Amino acid sequence: MWGTEIMRLLFVCYLTGLINLVLVPNNLWTYIWFYLRNGYSGCEIAPLFSGGFNLVPTFLKYHTGEFTIGRWVRTMLVGNLVMFVPMGFFLPFVSKKINPRNIFAFGILTPIVVEVLQPIIGRSFDIDDVIMNFVGIIVGYFIAVGVKALIKKA
């Protein structure tokens, strides 16, 4: 019982950080801080619907020679994968409805919803993020399945 509640608490903390990272406009906290400290904003929040769209995956651009994969791209790709591993990990512990059959649907729908919302708040839609977030959720899920199997064995 306590284990489940602790996992739920950790999951809520993770979701709070994730939402702040991927769905909050870029300058929101700076804007709020300047306003509270100085009485004026001191900066601008990006207007709604100002984000860009990347619908061609980086690996295709790289394969055609249109793009070289540098350090920043590798960091972004790995970061987007790692950012969603905890979601896949926590889900089987906090919900009995998550199973091997529906984790793939959840794993693809969640990043798509996040990426569709990002241009609305002034960020950008990137198909690479959708792909890497999906992979992160699936990797996290299978790590959790392994951990659960080890717990049952012990």
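This text gives an overview of the structure that appears in the document. (Residues numbered from 1 in each chain as written. Predicted model: local features only at pLDDT ≥ 70, side-chain atom pairs only at ≥ 80, totals over all residues. Heavy atoms only, no water.)

Here the structure, examined in full by the defined rule, presents one salt bridge. As a salt-bridge pair, arginine 8 and glutamate 5 come within 3.2 Å of each other at their nearest N and O atoms. In this pair, arginine 8 and glutamate 5 are both assigned in helix α1 (residues 2-23), three residues apart and thus about one turn of the helix distant. Since its relative accessible area comes to 34%, glutamate 5 is described here as partly exposed. (Salt bridge = Lys/Arg side-chain N within 4 Å of Asp/Glu carboxyl O. Helix = DSSP H or I, 4+ residues; strand = E, 2+ residues; numbered from the N terminus. Buried < 20%, exposed > 50% of the residue type's maximum accessible area, 1.4 Å probe, protein only.)

We now examine the nonpolar core. In terms of nonpolar packing, the biggest core is built from 19 residues, with Phe11, Tyr14, Leu18, Phe84, Met87, Leu91 and Ile103 touching the most fellow members. Elements supplying a minimum of two residues to this core: α1, α4 (71-94), α5 (103-117) and α6 (127-153). In terms of residues, this core owes the most to one element, α4, which gives seven residues. Once you skip the residues sitting within four places of it in the chain, methionine 87 turns out to touch Phe11, Tyr14, Leu15, Leu18, Phe106, Thr110 and Ile137. (Core = buried A, V, L, I, M, F, W, Y, C linked by side-chain atoms within 4.5 Å. Contact = heavy atoms within 4.5 Å.)

Turning our attention to the packing of aromatic side chains. Tallied over the entire structure, the rule returns eight aromatic pairs. Between phenylalanine 11 and tyrosine 14 the ring centres are 6.4 Å apart and the planes differ by 25°, which places this aromatic pair in the stacked class. Taken together, the positions of phenylalanine 11 and tyrosine 14, both in helix α1 and three residues apart, correspond to about one turn of that helix. For the pair formed by phenylalanine 11 and tyrosine 14, the shared burial category is buried. Grouping aromatic residues by their ring pairs yields a cluster made of Phe11, Tyr14, Phe89, Phe90 and Phe93. The ring of phenylalanine 93 carries the charged tip of lysine 148 above its face, separated from the ring centre by 5.5 Å. (Phe/Tyr/Trp six-rings, centres within 6.5 Å; stacked < 30°, edge-to-face > 60°. Lys NZ or Arg CZ within 6 Å of the ring centre and 35° of its normal.)

From the geometry alone we can't say anything about function, so treat these as descriptive.
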